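# Close look at the chain arrangement
In case you want the letters, here they are:
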Amino acid sequence: MHTIEQLNDGRAVYLNGHRVNVADVPIFRKTLALNNQYYDLQHTHPEVHTYQENGHRYDIAFKVPRTVADLQQKHRAYQEIAQSNSGMLGRTPDFLNTGMAVLAERAAFLGQNQYTDFAANARNYAKAVKANDIFISHALQNPQLNRQKAINAIPSEYAGVHTIERNQDGIFVSGAKMVNTMAPIADDLLIFNPPELLLENGDSSYAVAFATPLNNPGVKIICRKLLNHPAASITDYPLSNALDEIDAYIVFDHAFIPWSKVFVENNVEMSNRFFIDSGMFSHTSHQDEVRGITKLELATSLALRIAHILGLDGFLGVQEKLGRLTANLELIKGTITRSEDNGHLDEFGIYTPSLQALQAVRSTLPEYYDEALRVTQHLAAGSMVGVPSFAEFDGDNATILNQALTTDRATAKARTRLLNLAFDLTSSGFGQRQLMYEYYHGGDPMRIRAQHYQRADLQAGNQMIDRLLSADNANTHEQVITPIPRLVLK
Ligand SMILES: Cc1cc2nc3c(=O)[nH]c(=O)nc-3n(C[C@H](O)[C@H](O)[C@H](O)COP(=O)(O)OP(=O)(O)OC[C@H]3O[C@@H](n4cnc5c(N)ncnc54)[C@H](O)[C@@H]3O)c2cc1C
């Protein structure tokens, strides 16, 4: 649990060209309060949100899942946390905490160098995060400066984060990461690279993974513009004016990182293995997709509510559109369940969800979410954009509006509130950023789909094809099909 004052700890947060105190930004205060639901739920609903280990209680995200039932309990907890913010906070603490649980178990592959034991550092860090339940945020994606070149061949100090000096105490790093969500209100920042970091021979200084407190004097958090509407009420913008899980560009300038917080250094192979081989990718994906369902549920219910309140739900064509949305939601829920039921015990005895199922959700959910927003926009149409400020209900026009906007399905105020929510989710800057988040926060859907195809197990289908073809060629017994070579992804 954090108070906003704790975040005035010297961290360098920049907003609209000025260095700011986090506590002075009202929307950050509201976001922190919503994020703190993660901690509150441990007290109000401990049977779902906590578990006991060696006489201590921890958040369930830190539990190493050993059975499908463990994953299912985590699912319930992730879902309740996401529901507490209507699915609008993508990076609540449970996201990386579930990654910490498995990192601690699987860290051995990280090895050591002459200064430090990376595996022990990762284990100790994960244990400290769990013991203190601190909030970690992460940044892996490097700025897109030149797609034709390896990162160390780009003549810029800001192509990624790299070691500029190392000594027996630790490393000094400089550079930048392209996007981070939540840094102004998190405690620590976890830095690593995407699994396909491309480096030219010679300089492997970009191959790093480490953690640092956000008030490290060498770290700057340069925020994007806020998406709230300070001049309007929460009723006009029920989402934009309730939270902003702010995205930021992160800059390192000679930031010192003690060896105890370094997990990969000067090692391209380990940098590329860090996210996947630590188990963090699979387990954070599980949290992420459960959160995604919650958001899709909100968008789906909103489309149905709009159709009803505007008197459109009796038309067959509209019902078909709504039926597509409810079917999409059902498919996503079923696939998450499949990821849990089709999990496996890894070599460390960790019950791991099916990544193929989770990646099917990740590549598809953004389009389903987009479709739900578009259906709402098209149904709400002019009714939505014609909504006056809610303040009109307290002004000269109150009587007119109360009469004019009341229908047989809703009072003027209820109708206005719903249409405001519809506008905020589908059409405001906040809503469009939420849509972008779904498409891109977990990687480019194009690449996710390409990888899905690469890993697909189509044995049953291929056997049928082979049987059909071999019957056709029974006389020759020839191998009639040459497998199509699959692309190697870079
Ligand atoms: C709201 C939001 C929050 C985020 N939060 C975080 C965070 O907290 N931490 C973090 O590390 N990252 C975060 N990200 C960044 C995210 O990791 C990246 O956006 C994501 O990995 C995609 O990378 P990119 O943006 O560089 O897209 P790119 O890889 O640049 O792709 C951009 C577009 O170009 C197309 N494209 C690229 N290459 C090709 C090609 N060879 N052929 C055809 N088309 C191509 C892609 O399909 C895509 O449509 C966030 C992103 C968003 C939008």
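Numbering of residues starts from 1 in every chain and runs along the sequence as written. Totals for whole chains, interfaces and linings use all residues, but because this is a predicted model, local features are given only for residues with pLDDT of at least 70 and pairs of side-chain atoms are given and counted only at 80 or more.

### As for the site of the ligand
- Near the ligand lie 18 residues; those nearest to it are Val179, Thr181, Tyr437, Tyr440 and Met446.
- Elements with a minimum of two residues in the shell around the ligand: strand E5 (136-139), strand E7 (170-181) and helix H13 (429-440).
- Three classes are used, and their members are as follows: Ala, Val, Leu, Ile, Met, Phe, Trp, Tyr, Cys and Pro are nonpolar, Asp, Glu, Lys and Arg are charged, and the others, Gly among them, are polar. Classifying every residue of the shell around the ligand by side-chain character gives seven nonpolar, seven polar and four charged.
- An automatic or database domain assignment provides the domain bounds reported here. Here the shell around the ligand spans two domains, since at least three of its residues come from each of domain 1 (4-35 + 111-278) and domain 2 (281-453). Throughout this description, a residue near a molecule or strand is one whose C-beta atom, derived from the backbone, lies within 6 Å of it. Numbering goes from the N terminus for both helices and strands, where a helix is a DSSP run of H or I of at least four residues and a strand is a run of E of at least two.

### Topic: the sheet that holds strand E10 (residues 219-223)
- Judged by pairing direction, the sheet is mixed, and its six strands sit side by side in the order E2-E1-E10-E11-E7-E6 without closing on themselves. Pairing within the sheet leaves two strands with one partner each, and these edge strands are strand E2 (18-20) and strand E6 (161-166). Across the sheet, the axes of successive neighbouring strands diverge by a mean angle of 20°, strand direction being ignored. The pairing criterion is simple: DSSP has to find at least two bridges between the two strands. Throughout, an axis means a line fitted to C-alpha atoms (over the contacting stretch in the case of helices), and angles, computed between N-to-C directions, take values from 0 to 180 degrees.

### With respect to the environment of histidine 452
- Summarising the element assignment, histidine 452 is placed in helix H14 (residues 445-455).
- For the pair histidine 452 and leucine 96, spaced 356 residues apart in the sequence, the C-alpha separation amounts to 23 Å.
- Excluding residues within four positions of it along the chain, histidine 452 makes contact with Gln356, Gln359, Ala360 and Ser363. Contact between residues is assigned whenever the C-beta positions, reconstructed from backbone atoms, fall within 7 Å.

### So, the UniProt feature "domain: HpaB/PvcC/4-BUDH C-terminal" (unreviewed entry) in the chain
- Within this structure's numbering, the places UniProt gives as "domain: HpaB/PvcC/4-BUDH C-terminal" (unreviewed entry) are residues 272-469.
- Within the segment residues 272-469, helix and strand shares are 75% and 2% respectively, and the terminal C-alpha atoms sit 41 Å apart. UniProt positions are given in the numbering used here, feature names are shortened, and annotations may be inferred rather than shown by experiment.

### A closer look at the domain arrangement of the chain
- Each domain of the chain was delimited in the assignment, giving domain 1 (4-35 + 111-278) and domain 2 (281-453).
- A straight line from the C-alpha centre of domain 1 to that of domain 2 covers 29 Å.
- Tallying the contact residues gives eleven residues for domain 1 and 13 residues for domain 2.
- When grouped by side-chain class, the residues that make up the side of domain 1 that touches domain 2 number seven nonpolar, three polar and one charged.

### Re the pairing of strand E3 (residues 50-53)
- Strand direction decides the pairing type here: E3 and strand E4 (residues 56-59), joined by four bridges, are antiparallel. Its bridge partner being in E4, glutamate 53 is matched across the sheet by histidine 56.
- The turn joining E3 and E4, which pair antiparallel and follow one another in sequence, is formed by two residues; a positive phi near 50° is taken by asparagine 54.

### Notes on the environment of aspartate 24
- Counting through the fold element by element, aspartate 24 comes out in the loop between E2 and helix H1 (26-35).
- Remark: C-beta atoms are placed from the backbone, and a residue is labelled buried if 20 or more other C-beta atoms sit within 10 Å of its own, exposed if 12 or fewer do, or partly exposed between those counts. Of the residues examined, aspartate 24 has 12 C-beta atoms within 10 Å and is grouped as exposed.
- Counting along the chain gives 273 residues from aspartate 24 to glutamate 297, while the straight-line C-alpha distance between them is 33 Å.

### Focus: the UniProt feature "domain: HpaB/PvcC/4-BUDH N-terminal" (unreviewed entry) in the chain
- Mapped onto this structure's residue numbering, the UniProt feature "domain: HpaB/PvcC/4-BUDH N-terminal" (unreviewed entry) falls at residues 4-264.
- For the annotated span residues 4-264, helix accounts for 26% and strand for 26% of the residues, and the straight-line distance between the end C-alpha atoms is 32 Å.

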